[in-house]
Amino acid sequence: GGANSEFLTANQWSAVKVEEYYDDEIYIREIGMDEVYSYQEWILCGDTGYNEVEVNEIHRTNYVYLSVEKNGNLSIESQFYEKYLDWYNSNCTALYVEETTNNSIAAKWSYDDATRTLILIYNDEYEDEVETIVEQYEANLVNGNLILTYSYSTSDYVKIAFEPK
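Residues numbered from 1 in each chain as written. Predicted model: local features only at pLDDT ≥ 70, side-chain atom pairs only at ≥ 80, totals over all residues. Heavy atoms only, no water.

(A) Fine view of the overall build of the chain. Assigned secondary structure in the chain consists of one helix and ten strands. If you list the helices and strands of the chain from N to C, you get α-β-β-β-β-β-β-β-β-β-β. On C-alpha atoms alone, the chain measures out to a radius of gyration of 20 Å, which is more than a quarter above the 15 Å that the 2.2 N^0.38 rule sets for 165 residues. Considering only C-alpha atoms, the chain reaches an extent of 70 × 35 × 30 Å along its principal axes. Counting over 165 residues, the chain shows a buried share of 30%. Looking at the chain alone, contacts between residues at least 24 apart form 44% of all its contacts between residues at least 6 apart. Just so you have it, the chain exposes about 10,500 Å², and 45% of that area is on carbon and sulfur atoms. Seen as two clouds, the 9 positive and the 32 negative side-chain charges of the chain have centres 12 Å apart. (Helix = DSSP H or I, 4+ residues; strand = E, 2+ residues; numbered from the N terminus. Rg over C-alpha atoms; globule rule 2.2 N^0.38 Å. Buried < 20%, exposed > 50% of the residue type's maximum accessible area, 1.4 Å probe, protein only. Contact = heavy atoms within 4.5 Å. Areas by Shrake-Rupley, 256 points an atom, 1.4 Å probe, with all protein chains shown as cover. Lys, Arg positive; Asp, Glu negative; His and termini not counted. Charge placed at Lys NZ, Arg CZ, Asp CG, Glu CD.)

This is the structure we're talking about:
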């Protein structure tokens, strides 16, 4: 916990928007909205020919739920959807692969009121290796919404807006 951290534990939170700033560009993703990427591509047609097709890939964050508990536990549940070109099976026409991925993070948290910093500690497991991750987010309550900002550098950041679930 930490002094004056009640605003974090007052609600279960649901992300509504992600804003990323890097390389002097701002990228905004609305949670639940499709991001469609369309482009022309040459794919195999028959044994030796090729056909130019329009490819329409879709990426979507279905949800991100945040739960901050008074006992020091924190959980993040998220789901992502992708529809992308199936290079292996496409022949003359574009075929697609659709995937839905669920992620969850169980963490411990602390809050520093003087710096308005939410600190997360969790283990990231990948192929039999475990790495302890420590992340710091600026945490603010704005018009009843929780805004978490993670800075990659002095100018690059990701800002996530949550509303009460």
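(B) Summary view of the confidence of the model for the chain. Of the residues in the chain, 99% have a pLDDT of 70 or more, and the chain-wide mean is 93. Within the chain, strand β5 (residues 73–85) carries the highest mean pLDDT (97), whereas strand β7 (residues 117–126) carries the lowest (91). (pLDDT = per-residue confidence, 0-100.)

(C) Focus on the side chain of D86. With respect to the helices and strands, the residue D86 is situated in the loop between β5 and β6 (96–112). Here D86 sits buried without a salt bridge, and the closest side chain of opposite charge, K83, lies 12 Å off (N-O distance). Looking at D86, its side chain comes within polar contact range of the main-chain nitrogen of Y88, at 3.2 Å. Ignoring sequence-local partners within four residues, the contact set of D86 consists of L95, Y96 and V97. (Salt bridge = Lys/Arg side-chain N within 4 Å of Asp/Glu carboxyl O. Polar contact = N/O pair within 3.5 Å; in protein donor to acceptor, adjacent residues only side chain to side chain.)

(D) Main features of the pairing of strand β9 (residues 145–151). Sheet analysis places strand β8 (residues 129–142) next to β9, joined by five bridges and oriented antiparallel. In the sheet register, V142 faces β9, and the bridge partner there is N145. Sheet analysis places β9 next to strand β10 (residues 157–164), joined by six bridges and oriented antiparallel. Residue pairing in the sheet places I147 in a bridge with A161 of β10. (Pairing = 2+ DSSP bridges.)

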